[in-house]
Amino acid sequence: MNVLEKNPRLDWLKNPDICPYVYMRPENSIARPGHYHELGWFNRAPIIKNPLRMDEVDFADQIIRLEGKAFAASGMPMPRWVFYDCAIMPGFVAGYAIRRTSATQEMLDLLSPQDDSDWVPLSLFIMIPTLAHQEWVAHNLCSVNSLLPNDQKLYGLGFLSKAFGLWYANIKQLCGMTQWGSPAIKLHSHYGVFEVLTAYTPVHTYANTLTYRVIADVEEWRRFFNPGENPSFSKLYEDAGFEVNPVDELSLQEFQRKIELGGARFFLDSAQIRAQALNAKMKVYKLR
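All of these numbers come straight from a predicted model, not from anything done at the bench. (Residues numbered from 1 in each chain as written. Predicted model: local features only at pLDDT ≥ 70, side-chain atom pairs only at ≥ 80, totals over all residues. Heavy atoms only, no water.)

1. What about helix H2 (residues 57–70)?
Each α-helix winds once per 3.6 residues, and so residues spaced three or four apart point in a common direction.
So, step 1. Along its 14 residues, H2 runs 20 Å from first to last C-alpha, staying within 8% of the 20 Å computed at 1.5 Å per residue.
So, step 2. If you check which residues of H2 are buried, you get Asp-58, Phe-59, Ala-60, Asp-61, Gln-62, Ile-63, Ile-64, Leu-66 and Glu-67. (Helix = DSSP H or I, 4+ residues; strand = E, 2+ residues; numbered from the N terminus. Expected span 1.5 Å × (residues − 1). Buried < 20%, exposed > 50% of the residue type's maximum accessible area, 1.4 Å probe, protein only.)

2. Some points on the pattern of salt bridges
So, step 1. What the rule picks out here adds up to 16 salt bridges.
So, step 2. Asp-17 is the partner of Arg-99 in a salt bridge, and the nearest nitrogen-oxygen pair spans 3.2 Å. Of this pair, Arg-99 sits in strand E3 (residues 92–99) while Asp-17 sits in the loop between helix H1 (3–6) and strand E1 (18–23), placing them 82 residues apart in sequence.
So, step 3. Here Glu-219 and Arg-222 are joined by a salt bridge, their closest N and O atoms 2.6 Å apart. With Glu-219 and Arg-222 both in helix H7 (residues 218–222) and three residues apart, this pair spans about one turn of that helix.
So, step 4. Judged by relative accessible area, Arg-222 falls into the partly exposed class, the value being 27%.
So, step 5. When salt bridges that share partners are traced, they join Glu-135, Glu-195, Arg-213 and Arg-265 into one network. (Salt bridge = Lys/Arg side-chain N within 4 Å of Asp/Glu carboxyl O.)

3. Considerations on unusual backbone geometry
So, step 1. Although it is not a glycine, Arg-32 adopts a positive phi angle of roughly 50 degrees.
So, step 2. With respect to the helices and strands, the residue Arg-32 is situated in the loop between E1 and strand E2 (47–49).
So, step 3. On the accessibility criterion, Arg-32 (60% relative accessible area) is exposed.
So, step 4. Within the chain, Ser-112 stands out as a residue other than glycine whose phi angle is a positive 45 degrees.

4. Overview of helix H5 (residues 157–168)
So, step 1. When the terminal C-alpha atoms of H5 are compared, their 16 Å separation across twelve residues agrees well with the 16 Å that a helix rising 1.5 Å per residue should span.
So, step 2. Across the twelve residues of H5, twelve count as buried, placing the element largely inside the fold.
So, step 3. Leu-157, Gly-158, Phe-159, Leu-160, Ser-161, Lys-162, Ala-163, Phe-164, Gly-165, Leu-166, Trp-167 and Tyr-168 are the residues of H5 that are buried.
So, step 4. Positive phi shows up at Asn-170, right after H5, with a value of about 55 degrees.

5. Focus: the pairing of strand E8 (residues 194–198)
So, step 1. Where burial is concerned, most of E8 is hidden: four out of the five residues are buried.
So, step 2. With three bridges joining them, E8 and strand E11 (residues 266–268) adopt antiparallel strand pairing. Bridging from a neighbouring strand, Glu-195 pairs with Phe-267 of E11.
So, step 3. Pairing analysis gives three bridges linking E8 to strand E9 (residues 209–215), with the strands arranged antiparallel. For Val-196, the partnering residue across the bridge sits in E9 and is Tyr-212. (Pairing = 2+ DSSP bridges.)

6. Some details on the state of the cysteines
So, step 1. All told, the structure shown has zero disulfides when counted by the stated rule.
So, step 2. The thiol sulfur of Cys-142 is not disulfide-bonded, and the nearest other cysteine sulfur, from Cys-86, lies at 16 Å.
So, step 3. We classify Cys-142 as buried; its relative accessible area is 8%. (Disulfide = S-S within 2.5 Å.)

Honestly, it's all geometry; don't read function into it.
Below, the structure written as C-alpha coordinates:
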(Lines give C-alpha, C1' and ligand atoms only; values in the text may rest on other atoms or scores of the structure.)
Protein backbone atom coordinates (compact mmCIF):
# COMPACT_ATOMS: atom_id res chain seq x y z
CA MET A 1 0.00 0.00 0.00
CA ASN A 2 1.50 3.36 -1.01
CA VAL A 3 1.30 6.62 0.91
CA LEU A 4 -1.74 7.81 -1.06
CA GLU A 5 -3.77 4.72 -0.19
CA LYS A 6 -2.97 5.07 3.52
CA ASN A 7 -4.24 8.63 3.84
CA PRO A 8 -8.02 8.89 4.42
CA ARG A 9 -7.95 12.53 3.25
CA LEU A 10 -7.09 11.17 -0.21
CA ASP A 11 -10.09 8.87 -0.53
CA TRP A 12 -11.28 11.05 -3.42
CA LEU A 13 -8.57 9.36 -5.52
CA LYS A 14 -10.52 6.10 -5.22
CA ASN A 15 -13.55 7.69 -6.86
CA PRO A 16 -13.86 6.04 -10.30
CA ASP A 17 -15.37 9.26 -11.63
CA ILE A 18 -12.18 11.27 -10.92
CA CYS A 19 -9.21 10.63 -13.22
CA PRO A 20 -6.01 12.34 -14.28
CA TYR A 21 -6.10 13.87 -17.73
CA VAL A 22 -3.58 14.83 -20.40
CA TYR A 23 -4.55 17.60 -22.81
CA MET A 24 -2.09 17.82 -25.70
CA ARG A 25 -1.86 17.60 -29.44
CA PRO A 26 -0.88 14.11 -30.67
CA GLU A 27 2.48 15.29 -32.05
CA ASN A 28 3.58 16.14 -28.50
CA SER A 29 2.86 12.68 -27.12
CA ILE A 30 5.32 11.49 -24.46
CA ALA A 31 7.37 8.40 -25.19
CA ARG A 32 6.98 5.80 -22.43
CA PRO A 33 5.02 8.01 -20.03
CA GLY A 34 5.81 7.52 -16.36
CA HIS A 35 8.91 5.36 -16.80
CA TYR A 36 11.54 7.65 -15.24
CA HIS A 37 10.32 8.41 -11.70
CA GLU A 38 9.94 5.34 -9.50
CA LEU A 39 6.60 6.09 -7.94
CA GLY A 40 3.51 3.93 -7.58
CA TRP A 41 1.02 6.76 -7.22
CA PHE A 42 -0.55 7.03 -10.67
CA ASN A 43 -1.91 3.67 -11.71
CA ARG A 44 -5.15 4.89 -13.27
CA ALA A 45 -4.93 5.49 -17.02
CA PRO A 46 -5.42 9.19 -17.81
CA ILE A 47 -8.08 10.66 -20.03
CA ILE A 48 -6.43 11.87 -23.24
CA LYS A 49 -7.92 14.98 -24.82
CA ASN A 50 -6.90 16.48 -28.17
CA PRO A 51 -7.02 20.32 -28.14
CA LEU A 52 -6.99 20.47 -31.95
CA ARG A 53 -10.40 18.81 -32.26
CA MET A 54 -13.31 21.24 -32.53
CA ASP A 55 -15.60 18.84 -30.67
CA GLU A 56 -13.30 18.99 -27.61
CA VAL A 57 -13.05 22.77 -27.33
CA ASP A 58 -15.43 22.84 -24.34
CA PHE A 59 -12.72 21.18 -22.24
CA ALA A 60 -10.38 24.05 -23.15
CA ASP A 61 -13.11 26.57 -22.37
CA GLN A 62 -13.46 25.09 -18.90
CA ILE A 63 -9.69 25.08 -18.31
CA ILE A 64 -9.51 28.76 -19.26
CA ARG A 65 -12.45 29.63 -17.00
CA LEU A 66 -10.79 27.82 -14.11
CA GLU A 67 -7.44 29.52 -14.68
CA GLY A 68 -9.01 32.94 -15.16
CA LYS A 69 -10.95 32.75 -11.90
CA ALA A 70 -8.03 31.27 -9.94
CA PHE A 71 -5.65 34.05 -11.03
CA ALA A 72 -8.10 36.95 -11.15
CA ALA A 73 -7.03 38.28 -7.74
CA SER A 74 -3.33 38.32 -8.73
CA GLY A 75 -4.04 40.20 -11.96
CA MET A 76 -2.38 37.45 -14.03
CA PRO A 77 -5.13 35.47 -15.77
CA MET A 78 -3.89 33.83 -18.97
CA PRO A 79 -5.17 35.17 -22.30
CA ARG A 80 -6.68 32.51 -24.54
CA TRP A 81 -4.08 33.02 -27.26
CA VAL A 82 -1.29 32.47 -24.72
CA PHE A 83 -2.90 29.17 -23.75
CA TYR A 84 -2.81 28.04 -27.38
CA ASP A 85 0.46 29.61 -28.58
CA CYS A 86 2.59 29.00 -25.47
CA ALA A 87 1.03 25.92 -23.85
CA ILE A 88 -0.86 23.76 -26.35
CA MET A 89 1.48 24.06 -29.33
CA PRO A 90 4.87 23.52 -27.60
CA GLY A 91 3.87 21.69 -24.41
CA PHE A 92 0.93 20.09 -22.70
CA VAL A 93 -1.55 20.40 -19.87
CA ALA A 94 -2.25 17.81 -17.19
CA GLY A 95 -4.45 17.62 -14.12
CA TYR A 96 -7.49 15.87 -12.70
CA ALA A 97 -11.03 15.82 -14.04
CA ILE A 98 -14.39 14.62 -12.76
CA ARG A 99 -17.28 13.18 -14.75
CA ARG A 100 -19.85 15.86 -15.35
CA THR A 101 -22.53 13.65 -13.80
CA SER A 102 -20.55 13.49 -10.51
CA ALA A 103 -19.52 17.16 -10.30
CA THR A 104 -21.05 19.27 -7.55
CA GLN A 105 -23.28 22.17 -8.44
CA GLU A 106 -20.55 24.56 -7.27
CA MET A 107 -18.10 22.98 -9.74
CA LEU A 108 -20.62 23.23 -12.55
CA ASP A 109 -21.35 26.87 -11.71
CA LEU A 110 -17.62 27.68 -11.74
CA LEU A 111 -16.75 25.99 -15.03
CA SER A 112 -20.04 26.06 -16.98
CA PRO A 113 -19.52 22.88 -19.04
CA GLN A 114 -21.78 22.25 -21.99
CA ASP A 115 -24.61 19.83 -21.39
CA ASP A 116 -23.03 17.20 -23.64
CA SER A 117 -19.53 17.41 -22.09
CA ASP A 118 -18.38 14.26 -20.36
CA TRP A 119 -15.58 15.61 -18.14
CA VAL A 120 -15.01 18.70 -15.99
CA PRO A 121 -11.36 19.71 -15.25
CA LEU A 122 -10.61 20.17 -11.56
CA SER A 123 -7.02 21.36 -11.96
CA LEU A 124 -4.41 22.26 -14.53
CA PHE A 125 -0.63 22.16 -14.75
CA ILE A 126 1.00 23.55 -17.89
CA MET A 127 4.47 22.31 -18.88
CA ILE A 128 6.60 23.68 -21.71
CA PRO A 129 9.88 22.13 -22.93
CA THR A 130 12.89 24.42 -23.41
CA LEU A 131 16.03 24.39 -25.55
CA ALA A 132 18.08 23.49 -22.47
CA HIS A 133 18.74 19.75 -22.35
CA GLN A 134 15.91 17.90 -20.57
CA GLU A 135 14.65 21.11 -18.96
CA TRP A 136 11.01 22.17 -18.84
CA VAL A 137 9.21 25.27 -17.63
CA ALA A 138 6.23 25.09 -15.29
CA HIS A 139 3.99 27.74 -16.80
CA ASN A 140 0.89 27.50 -14.65
CA LEU A 141 -0.70 25.49 -11.84
CA CYS A 142 -4.10 25.90 -10.21
CA SER A 143 -7.11 23.92 -9.00
CA VAL A 144 -10.73 24.37 -8.01
CA ASN A 145 -9.66 24.15 -4.35
CA SER A 146 -8.96 27.89 -4.33
CA LEU A 147 -12.54 28.56 -5.45
CA LEU A 148 -14.64 25.96 -3.61
CA PRO A 149 -16.02 25.95 -0.05
CA ASN A 150 -13.84 24.07 2.45
CA ASP A 151 -16.13 21.05 2.63
CA GLN A 152 -15.68 20.43 -1.12
CA LYS A 153 -11.90 20.86 -1.40
CA LEU A 154 -9.96 17.79 -2.52
CA TYR A 155 -6.91 17.42 -0.31
CA GLY A 156 -3.62 17.60 -2.21
CA LEU A 157 -5.28 18.25 -5.58
CA GLY A 158 -2.87 20.95 -6.75
CA PHE A 159 0.19 19.11 -5.46
CA LEU A 160 -0.82 15.82 -7.09
CA SER A 161 -1.67 17.54 -10.38
CA LYS A 162 1.88 18.85 -10.69
CA ALA A 163 3.39 15.56 -9.49
CA PHE A 164 1.33 13.65 -12.05
CA GLY A 165 2.49 15.95 -14.86
CA LEU A 166 6.16 15.59 -13.89
CA TRP A 167 5.78 11.84 -13.57
CA TYR A 168 3.85 11.37 -16.80
CA ALA A 169 6.25 13.44 -18.92
CA ASN A 170 9.39 11.96 -17.29
CA ILE A 171 10.55 15.46 -16.39
CA LYS A 172 13.93 15.52 -14.68
CA GLN A 173 14.64 19.25 -14.47
CA LEU A 174 12.06 21.99 -14.09
CA CYS A 175 12.16 25.78 -13.92
CA GLY A 176 9.37 27.91 -12.60
CA MET A 177 8.40 31.42 -11.61
CA THR A 178 6.50 32.64 -8.59
CA GLN A 179 6.36 35.80 -6.53
CA TRP A 180 8.16 36.14 -3.22
CA GLY A 181 5.56 36.04 -0.47
CA SER A 182 3.10 33.97 -2.52
CA PRO A 183 1.73 30.81 -0.86
CA ALA A 184 2.64 29.02 -4.09
CA ILE A 185 6.30 29.01 -3.07
CA LYS A 186 5.49 26.54 -0.28
CA LEU A 187 3.74 24.18 -2.70
CA HIS A 188 6.50 24.37 -5.33
CA SER A 189 9.14 23.60 -2.68
CA HIS A 190 7.84 20.01 -2.52
CA TYR A 191 9.32 18.89 -5.83
CA GLY A 192 13.07 19.23 -5.26
CA VAL A 193 15.78 21.47 -3.85
CA PHE A 194 15.22 25.12 -4.83
CA GLU A 195 18.02 26.67 -6.89
CA VAL A 196 17.47 30.43 -7.29
CA LEU A 197 18.02 31.59 -10.89
CA THR A 198 16.72 35.12 -10.32
CA ALA A 199 15.84 36.74 -7.00
CA TYR A 200 14.69 40.01 -8.58
CA THR A 201 13.26 39.99 -12.11
CA PRO A 202 12.43 43.41 -13.56
CA VAL A 203 11.83 41.94 -17.03
CA HIS A 204 8.70 40.32 -15.53
CA THR A 205 5.47 42.24 -14.97
CA TYR A 206 6.15 41.78 -11.25
CA ALA A 207 9.79 42.51 -10.43
CA ASN A 208 9.61 40.61 -7.14
CA THR A 209 9.40 37.36 -9.11
CA LEU A 210 11.58 34.44 -8.04
CA THR A 211 12.81 32.18 -10.85
CA TYR A 212 13.81 28.75 -9.60
CA ARG A 213 15.09 25.41 -10.86
CA VAL A 214 14.53 22.03 -9.26
CA ILE A 215 15.86 18.59 -10.07
CA ALA A 216 12.73 16.49 -9.65
CA ASP A 217 13.12 14.37 -6.52
CA VAL A 218 10.35 11.93 -5.56
CA GLU A 219 11.63 11.83 -1.98
CA GLU A 220 10.64 15.50 -1.68
CA TRP A 221 7.25 14.64 -3.19
CA ARG A 222 6.67 12.09 -0.44
CA ARG A 223 7.37 14.74 2.21
CA PHE A 224 4.16 16.49 1.22
CA PHE A 225 2.35 13.72 3.09
CA ASN A 226 5.08 12.92 5.62
CA PRO A 227 6.62 16.32 6.51
CA GLY A 228 10.27 16.46 7.47
CA GLU A 229 13.66 17.74 6.50
CA ASN A 230 15.79 16.44 3.66
CA PRO A 231 18.42 14.37 5.51
CA SER A 232 21.02 14.97 2.81
CA PHE A 233 20.56 18.75 2.52
CA SER A 234 23.19 19.71 5.11
CA LYS A 235 25.64 17.25 3.55
CA LEU A 236 25.33 18.78 0.09
CA TYR A 237 24.79 22.48 0.88
CA GLU A 238 26.34 25.02 3.26
CA ASP A 239 25.42 28.48 4.49
CA ALA A 240 26.29 31.08 1.82
CA GLY A 241 26.74 33.70 4.54
CA PHE A 242 23.69 35.87 3.93
CA GLU A 243 19.90 35.89 4.13
CA VAL A 244 17.21 37.15 1.80
CA ASN A 245 14.24 39.18 3.00
CA PRO A 246 11.31 38.35 0.67
CA VAL A 247 9.46 41.60 1.47
CA ASP A 248 12.47 43.93 1.07
CA GLU A 249 13.10 44.94 -2.55
CA LEU A 250 16.64 46.07 -1.76
CA SER A 251 17.42 42.65 -0.27
CA LEU A 252 16.09 40.96 -3.42
CA GLN A 253 18.20 43.23 -5.62
CA GLU A 254 21.34 42.57 -3.57
CA PHE A 255 20.72 38.84 -3.86
CA GLN A 256 20.23 39.21 -7.61
CA ARG A 257 23.57 41.03 -7.93
CA LYS A 258 25.30 38.12 -6.18
CA ILE A 259 23.71 35.71 -8.66
CA GLU A 260 24.81 37.85 -11.60
CA LEU A 261 28.42 37.90 -10.40
CA GLY A 262 28.60 34.20 -11.17
CA GLY A 263 30.98 31.77 -9.56
CA ALA A 264 28.37 30.30 -7.21
CA ARG A 265 24.94 28.75 -7.41
CA PHE A 266 22.50 29.63 -4.66
CA PHE A 267 19.81 27.50 -3.05
CA LEU A 268 17.00 27.70 -0.51
CA ASP A 269 16.11 25.03 2.04
CA SER A 270 12.71 23.63 1.09
CA ALA A 271 12.00 22.57 4.69
CA GLN A 272 12.61 26.15 5.87
CA ILE A 273 10.34 27.56 3.16
CA ARG A 274 7.51 25.33 4.33
CA ALA A 275 8.07 25.84 8.07
CA GLN A 276 8.16 29.61 8.40
CA ALA A 277 6.01 32.62 7.55
CA LEU A 278 6.07 33.84 3.96
CA ASN A 279 7.47 37.24 4.99
CA ALA A 280 10.30 35.84 7.15
CA LYS A 281 13.95 36.03 6.16
CA MET A 282 15.47 32.93 4.62
CA LYS A 283 19.00 31.63 4.76
CA VAL A 284 20.71 31.22 1.40
CA TYR A 285 22.91 28.21 0.73
CA LYS A 286 25.57 27.16 -1.77
CA LEU A 287 27.06 23.83 -2.79
CA ARG A 288 29.68 22.43 -0.45
